[in-house]
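Coordinates in review
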Amino acid sequence: AGRFAPVAGSSDCSDCEPGTYSLAGEENCTECGAGRFSNDFGSGFCTECASGTYSPGGNISCKPCALGWVSTPGSGECSMCAAGKHAALGAQMCLACEAGRFVEVAG
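The present account deals with the structure reproduced in this document. All values reported here derive from a predicted model rather than from experimental measurement.

What follows deals with the environment of Thr53. Checked against the element boundaries, Thr53 lands in strand β7 (residues 53-54). Separated by 18 residues in sequence, Thr53 and Ser71 have C-alpha atoms that sit 6.2 Å apart. Those residues within four positions of Thr53 in sequence are excluded, and the remaining contacts are Cys62, Lys63, Pro64, Cys65, Ser71, Thr72 and Ser75. For Thr53, the side chain forms a polar contact with the main-chain oxygen of Ala50, separated by 2.7 Å.

By definition, a disulfide links the sulfur atoms of two cysteines through a covalent bond. Within the structure shown, the criterion is met by five disulfides. Between Cys65 and Cys78 runs a disulfide, and the two sulfur atoms are separated by 2.0 Å. Disulfide Cys65 to Cys78: torsion about the S-S bond roughly -85 degrees, handedness left-handed. With Cys65 in the loop between β8 (63-64) and β9 (69-70) and Cys78 in the loop between β9 and β10 (79-80), this pair connects stretches of sequence that are 13 residues apart. In this pair, the class of Cys65 matches that of Cys78, namely buried. Two residues share a disulfide in this structure: Cys81 and Cys94, whose sulfurs sit 2.1 Å from each other. On the S-S bond that ties Cys81 to Cys94, the torsion sits near -95 degrees, and the link is left-handed. Here Cys81, found in the loop between β10 and β11 (85-86), pairs with Cys94, found in the loop between β11 and β12 (95-96); they are 13 residues apart in sequence, far enough to count as distant. Take Cys81: its relative accessible area is 0%, and that puts it in the buried class. If the cysteines joined by disulfides in the protein chain are listed in sequence order, their pairing comes out as 1-2, 3-4, 5-6, 7-8, 9-10.

Rules used in this analysis
- Residues numbered from 1 in each chain as written.
- Predicted model: local features only at pLDDT ≥ 70, side-chain atom pairs only at ≥ 80, totals over all residues.
- Heavy atoms only, no water.
- Helix = DSSP H or I, 4+ residues; strand = E, 2+ residues; numbered from the N terminus.
- Contact = heavy atoms within 4.5 Å.
- Polar contact = N/O pair within 3.5 Å; in protein donor to acceptor, adjacent residues only side chain to side chain.
- Disulfide = S-S within 2.5 Å.
- Buried < 20%, exposed > 50% of the residue type's maximum accessible area, 1.4 Å probe, protein only.

Listed below in structure tokens is the structure:
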């Protein structure tokens, strides 16, 4: 796993690049899908992004959601908080504004 042989009769297998993976016996590496990443050469699997982070796919890491945006585990993108709610950098859920405070626009 994590290695591939692109042509028949190969004397050795090559490592998959970071951002990709392969199962045993594959002839090609596959790009990690949305919400997943691989940061090692020769990976046999992709790791799911944590809450508050995202990856559109084929990446070596997940990126944190921006201020006012959130995500659940395995997300390929972040979702904007609605007006009246806010979120810190890399948050997994939007929080309602406290009494006496407001946010009039989404995000």
